2 protein chains.
Amino acid sequence: MYRSHSCGELTTSDINKEVTLAGWVQKSRDKGFMIWVDLRDRYGITQLMFDEERTPIAMVEKAKTLGREFVIQVKGTVIERESKNPNMPTGDIEILVNELTVLNESLAPPIMIEDQTKDGEDIRMKYRYLDIRRNPVKNNLIFRHQVAMQVRTYLSQEGFIEVETPYLIKSTPEGARDFVVPSRMNEGQFYALPQSPQTFKQLLMVGGMDKYFQIVKCFRDEDLRADRQPEFTQIDCEMAFVEQEDILNVFEGLTKHLIKDIKGIDITDFPRMTYDEAMRTYGNDKPDIRFGMKFAELNALTQHKEFKVFNDAELVIGIAVPGGAAYTRKEIDKLIDWVKRPQVGALGMIYARCNDDGSFKSSVDKFYDQQDLSAWAEKTGAKAGDLICILSGATNKVRAQLSALRMELAERLGLRNPEEFAPLWVVDFPLLEWDEDTERYHAMHHPFTSPKPEDIALLDSKPGDVRANAYDLVLNGNEIGGGSIRIHDKETQALMFDHLGFTPEEANAQFGFLLDAFQYGAPPHGGIAFGLDRLVAILGGQETIRDFIAFPKNNSGRDVMIDAPATIDAVQLKELKIKLTLD
Amino acid sequence: MYRSHSCGELTTSDINKEVTLAGWVQKSRDKGFMIWVDLRDRYGITQLMFDEERTPIAMVEKAKTLGREFVIQVKGTVIERESKNPNMPTGDIEILVNELTVLNESLAPPIMIEDQTKDGEDIRMKYRYLDIRRNPVKNNLIFRHQVAMQVRTYLSQEGFIEVETPYLIKSTPEGARDFVVPSRMNEGQFYALPQSPQTFKQLLMVGGMDKYFQIVKCFRDEDLRADRQPEFTQIDCEMAFVEQEDILNVFEGLTKHLIKDIKGIDITDFPRMTYDEAMRTYGNDKPDIRFGMKFAELNALTQHKEFKVFNDAELVIGIAVPGGAAYTRKEIDKLIDWVKRPQVGALGMIYARCNDDGSFKSSVDKFYDQQDLSAWAEKTGAKAGDLICILSGATNKVRAQLSALRMELAERLGLRNPEEFAPLWVVDFPLLEWDEDTERYHAMHHPFTSPKPEDIALLDSKPGDVRANAYDLVLNGNEIGGGSIRIHDKETQALMFDHLGFTPEEANAQFGFLLDAFQYGAPPHGGIAFGLDRLVAILGGQETIRDFIAFPKNNSGRDVMIDAPATIDAVQLKELKIKLTLD
């Protein structure tokens, strides 16, 4: 044993104890006759003291040679500090050292091991093993562990069984792109890494497992957008003999438990909103409801005058920005530039200031009188001192644009408090969504989601109007979980595959095992999957998942620390019977 | 909610309650005026009763149409059974049904959903979702979950943090063959799936995480021997600032806790044995010590006569088989045939019966007298009524042969009691082992294992004699865990790579990140990894890991249920810039 105590536990009650500590040199101060060293480990920092009068001189000399991040072991006596540090748990004591052993030296570290870092992400990732020594990263990983343990303990107590499903499965062309794995023993054939254990968890329900969960890695070979990872972790869950209401209740319970246990915050029953309402009110299927600025539809109040922009628009919508009347003309112009950026894509923005005296001043006073503007204010809920911002255009586009503006303004106004938690169920998602590229309908959730029985008749006539028994759990404007009640009979599943453009042969080749399984007594079932990376980040009050992953990949899917992916041996390629076809 | 209760919980205290149950039809008996149906779910079986006099006639008629494995929902009243079944938790009651809904029909299942199965493994695996409905498989999966939860809870309480390490890493030619994953975004490059998170857990120690664990899937593209899987699960652990003794203590604690908590058995301190002693005494580095039959070296007692077979042998070893003197000549001949099978490979076997009257009768009476045989009996510990079996030949081969015979005899004698647990630490493994194929030394454990400091001097002169700080935890003749104290300085690690035949360039290309990390203050560290599949099987009193894996692969690495691996689209190959080169 290299130590009798950690660097985070000694207090005045340990005074006079002989102790052995081991850890890293955080910093040292050399006063000539006295040297202080801050010794760090996972548990804290303890101050060491080398005193010419009381420490063997050879040890004092050795202490002078210590550099940052040297790994040392010391033996000594716990003594009371002369100048105490009330900000440290160990701040009342220090160790008077009588023996020092250098366990390992260290070159000057290429990044600073400090809470606040000025080092760029690239170098931090290359030396991630040093970055992890920093408290914020270390604490994030410990926090992630605590959340995962809470999830497992809660679900186990609720009767869920964690079952490991396979990682080497079969590629399916539906959905995102698979990572594939050539099989040496089955020449010319490939495994795929799972995008989710979806079909396996359904088969576990067919198998009578009743309540399943798994914290599991999933894989998607996507062109990485910011803050996406090719491998990510899901809390994957499924239950048999349930309806949507049952799933919402169980996992609302889990989420409440996490927020209560980890953040100490009691949350009452989660509000629910249909997908349609979310899109109408927030322009977004994962609205952040910590703040207002709800959309007001202004078509009826704006299309009776000569303002062609509004008159030609499919949708005119506005929001009331609290306190926004105080924005200068320049600030408003900047806001207009912001919505016109290509990432947002609005053609312009109409605004109206709600003055303190009850009058209004708009950018379209030429077309609209005070009575019009007053009606807009009433509809958007704008009060004196607020600014009404209005966008117009094609419904889907303008909703997305105003949603982006709403989020940006909330950010600027400090309305996105990371210590406030506002969960929301969004329900009644559409079953299908139109894909412009392939010019056909795709499953919005996945092909195993059940349509609402009352909407099935619309499948042929108005496929876009069919609603699914699908739901998302939204937390602070992020989708943290999503799921559905599944199809559990062969006929409906075959009908779905048909509507998704599968021939019966294709459906059988890909999912024959599932269609078969549905013929041998499949129970009604449904489930949900949470993105653990995102959930942990939000519970931790942050939005970047990379900070909660020990060894993340960069936006090119590379691990810059180990330098992967990499080329492989010609022998390996030959054994796998594959050849590179680079240009 | 499809049910008010499960099928495993109703007792006489629920009599007269109106309940709703859902589940599968296990079987039904139709007496014409009365129908009994056994309704099954994960939690148990409840008997349903349809009575012409008390159940609506339409429901009785519908009940007559129920087939095995139909999924149904019933509403009814809990009543006391006339003929109780004391073998079932719900055996005192039944449900008088007044409403029956068929939730899903079932074709006649291709395998029997019974505890005892006569169905072959192939068909059970093809319909694994039905196989899982059988109690033995279902209970194994629940048992696995319970073991995993115990491991997580125990290690968390001991201050270990579960950290997820990446699945998409870099291929290393050392060790077993990697599964590789072509990277689309990094053309011509490949990820590899981890054979273990070895280097990552070491980097977490460099990163100050102090105590790490992870229950994690690992992958090896090996030609599968019986009961091996291409993907398998490890309990992977690492600690910093520890010596071998610390690791043994912590994980002895974990193992004791599991055996106590799960099997209710208290085990005292685990015995320890060096690798050398294990090989000498049991011919095996994972000896089953639930029974004796220890090896006795008989060279000195056998090589003084004219028996050339023994005189020419490098090693002559024997065991005493309890009660074996009673074997007939025919039985002994069969035993001799058994050791001569190619899988064992002995050239023959010499034996001596220890008669009840104190005399001996051997197959080599021509060469050895009663005094010789008496000396053999003393050395092997054979008592009156035992049989001494002796093999001879080259040391390593003959030890392996006698070990195989010892295990076979123990099996036949019923000495391998699955409810008895005999753990054992095997320590002081050799650092290197000679590989006949490549004609060079390989790391016996892995290249990161530290040599014993006092043996380092032998690295050049007698590499095979260098012992490592490596240890295995053996349970009932199975290696359930293995680990080592790691190298934590760049010089020793470079020395090891050199002795394993890496050029400095190769070492840097493969493991430069680790060598780098060792320069920035790497603490002393070590760890262990348990094979969860095997551990669970042994704790469950079985030896076949497939029975404890939800969706195992067969010996060709195929999942016969989903039919994977499979061919993939030409489009996928093209995107990955690879081409098949089949013969």
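See the structure above.
Quantities reported herein were computed from a predicted structural model and do not represent experimental measurements.

Draft legend 1. Just the sheet that holds strand S3 (residues 44-51) of chain B, in detail. Residues and elements named next belong to chain B. Taken in spatial order, the five strands of this closed barrel run S1-S2-S3-S5-S4, and their pairing is mixed. Pairs of neighbouring strands in the sheet enclose a mean axial angle of 55 degrees, with direction left out of account. In terms of strand pairing, strand S4 (residues 71-80) meets strand S5 (residues 93-104) through ten bridges, oriented antiparallel. Among the inter-strand pairings, Gly76 is bridged to a residue of S5, identified as Val97. Across the sheet, helix H1 (residues 57-64) lies against strand S1 (18-30), strand S2 (34-41), S3 and S5, angled at about 70 degrees from S5, the strand it touches most.

Draft legend 2. Structural view of the sheet that holds strand S20 (residues 470-475) of chain A. Residue and element names in this part refer to chain A. Reading across from one edge, S6-S9-S10-S22-S21-S20-S17-S11 is the order of the eight strands in this open sheet, with mixed pairing throughout. Each edge of the open sheet carries a strand with a single partner, namely strand S6 (161-162) and strand S11 (272-274). Note that strand S17 (residues 423-427) and S20 share five bridges and pair antiparallel. Along S20, the bridge assignment pairs Trp425 with Leu473. Along the sheet face, helix H4 (residues 135-157) touches S6, strand S9 (211-219) and strand S10 (231-240) and points at about 150 degrees away from the line of S9. Of the strands in this sheet, S11 and S17 touch helix H7 (residues 275-282), which is tilted by about 90 degrees from S11.

Draft legend 3. View of the interface of chain B and chain A. Contacts between the two partners involve 125 residues from chain B and, on the opposite side, 126 residues from chain A. Note on chain B versus chain A: buried area summed over both sides is about 11,200 Å², and carbon and sulfur give 61% of it. Taken together, the connections running from chain B to chain A amount to twelve salt bridges. A salt bridge links Arg184 of chain A to Asp223 of chain B; the nearest nitrogen and oxygen atoms lie 3.1 Å apart. Our enumeration of links across chain B and chain A arrives at 70 residue pairs in polar contact (both at pLDDT 80 or more).

Draft legend 4. A look at the packing of aromatic side chains. Using the criterion set out here, one finds 49 aromatic pairs over all chains in the structure. Residues Phe448 of chain B and Phe511 of chain B carry aromatic rings whose centres are separated by 5.3 Å and whose planes lie at 80 degrees to one another, so their mutual orientation is edge-to-face. Of this pair, Phe448 of chain B sits in the loop between strand S19 (440-443) and helix H13 (458-461) while Phe511 of chain B is found in helix H15 (residues 504-517), placing the two residues 63 residues apart along the sequence. Since its relative accessible area comes to 5%, Phe511 of chain B is described here as buried. Each member of the aromatic cluster is reached from another via a ring pair, and the members are Phe307, Phe310, Phe367, Tyr368 and Trp376 of chain A. Positioned above the aromatic ring of Tyr127 of chain A is the side chain of Lys126 of chain A, whose terminal nitrogen or guanidinium carbon lies 5.5 Å from the ring centre.

Reading the values: the criteria
- Residues numbered from 1 in each chain as written.
- Chains lettered and ligands numbered in written order.
- Predicted model: local features only at pLDDT ≥ 70, side-chain atom pairs only at ≥ 80, totals over all residues.
- Heavy atoms only, no water.
- Pairing = 2+ DSSP bridges.
- Helix = DSSP H or I, 4+ residues; strand = E, 2+ residues; numbered from the N terminus.
- Axes fitted to C-alpha atoms, helices over the stretch in contact; angles between N-to-C directions.
- Contact = heavy atoms within 4.5 Å.
- Buried area = accessible area lost by both parts, 1.4 Å probe.
- Salt bridge = Lys/Arg side-chain N within 4 Å of Asp/Glu carboxyl O.
- Polar contact = N/O pair within 3.5 Å; in protein donor to acceptor, adjacent residues only side chain to side chain.
- Phe/Tyr/Trp six-rings, centres within 6.5 Å; stacked < 30°, edge-to-face > 60°.
- Buried < 20%, exposed > 50% of the residue type's maximum accessible area, 1.4 Å probe, protein only.
- Lys NZ or Arg CZ within 6 Å of the ring centre and 35° of its normal.

So far we have only geometry, and geometry alone does not tell us how the molecule works.
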